[in-house]
Amino acid sequence: MNIKSYKAWDASVRWFHWINVLCIIGLVAVGIVIMNGGSLGLSNDGKILLKTVHVLIGYVFAFNLFLRLLLAFVGNKNARWKAILPGGKGYFNEVKSYASAFKAGRPQQYIGHNPLGRIAVVLLLFLLFAQAVTGLVLAGTDIFYPPFGSWIADWIAKPGVDPTTLLPYAKSTYDVAAYDAMRAFRAPFIEIHEIGFYALLCSIVIHIIAVVITEIREGGTLISAMFTGKKILTETPKDLQELHSDKKEVD
């Protein structure tokens, strides 16, 4: 057994991960209260306050996600698209080999994401991106916050009313027809946001279970690596073997 430490995740990736975790916890907690506002007897002022908190957390969430997507272009080799996106030469054979070895109790170790983990990461990033985009749209339709709030206010303001003075739930200052049209416009964004909410929760639960199982079966200090940035592996990592193989082919 050759135990060796490998640098897996740099500080920027680790910061993204844990900021994202905190943002999702906050967004889920506030979002559940907002969704059940009617049964909880929330006043309009209470709803506005919660939506404002939700949006402010959402800005941190969206900016953090933007930085992570940027890292996929300029980050270290384990953070880039090439190491994240499933596919490429021999990918399906790699998945088959990984699954067979895992089932046989001889799981292959990776410095970065294993072949199945790459699928999970892409799915999570897609769901996070969908939540960020739809959330920014809804921030404008609900409480007139940037980046779309001023456009929404211009759209629904009653003639003679300054759009910059519009307040949430102040329907007397809204043009009825424009407000109805805006509500129809926002409906699919609400639906996608709500479906994405449940899909993201399910994906996160599956992700946590998969990480725990992989940690137990495969080793490699998968969980602690997101704190320390290093994986301690007992075998030569598969992605390091492939890297050396690629270099030999080039040579």
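Predicted model only: the values in this text are computed from it and were never measured.

Procedures and definitions
- Residues numbered from 1 in each chain as written.
- Predicted model: local features only at pLDDT ≥ 70, side-chain atom pairs only at ≥ 80, totals over all residues.
- Heavy atoms only, no water.
- Core = buried A, V, L, I, M, F, W, Y, C linked by side-chain atoms within 4.5 Å.
- Buried < 20%, exposed > 50% of the residue type's maximum accessible area, 1.4 Å probe, protein only.
- Helix = DSSP H or I, 4+ residues; strand = E, 2+ residues; numbered from the N terminus.
- Contact = heavy atoms within 4.5 Å.
- Expected span 1.5 Å × (residues − 1).
- Patch = residues over 30% accessible without salt bridge, like charges linked within 9 Å, V, L, I, M, F, W, Y side chains within 5 Å.
- Areas by Shrake-Rupley, 256 points an atom, 1.4 Å probe, with all protein chains shown as cover.
- Salt bridge = Lys/Arg side-chain N within 4 Å of Asp/Glu carboxyl O.

Draft legend 1. Broad picture of the nonpolar core. In this structure, Ile24, Phe61, Leu65, Leu125, Leu128, Ala132 and Leu200 are the most contacted members of the largest nonpolar core, which totals 17 residues. Secondary-structure elements contributing two or more residues to this core are helix H1 (11-35), helix H3 (44-74), helix H6 (115-143) and helix H8 (176-218). Here this core gets six residues from one element, more than from any other, and that element is H6. Setting aside residues no more than four positions away along its own chain, Leu200 makes contact with Ile24, Leu124, Leu127, Leu128 and Gln131. Counting 10 residues, the second-largest nonpolar core is a separate cluster that includes Trp9, Ala79, Ala225 and Leu233.

Draft legend 2. Molecular detail of H1. End to end, H1 covers 35 Å across 25 residues, agreeing with the expected 36 Å (1.5 Å per residue, within 8%). All of the buried residues along H1 are Val13, Arg14, Phe16, Asn20, Cys23, Ile24, Gly26, Leu27, Val28, Val30 and Gly31. Where H1 is buried, its residues meet H3, H6, H8 and helix H9 (225-228).

Draft legend 3. Spatial organisation of a nonpolar patch on the surface. A cluster of nonpolar side chains, contributed by Trp18, Ile208, Val212, Ile216, Ile223 and Phe227, occupies part of the molecular surface with about 580 Å² of accessible area. Here the element with the most residues in the nonpolar patch is H8; it accounts for three residues. One can find Trp18 in helix H1. Since its relative accessible area comes to 31%, Trp18 is described here as partly exposed.

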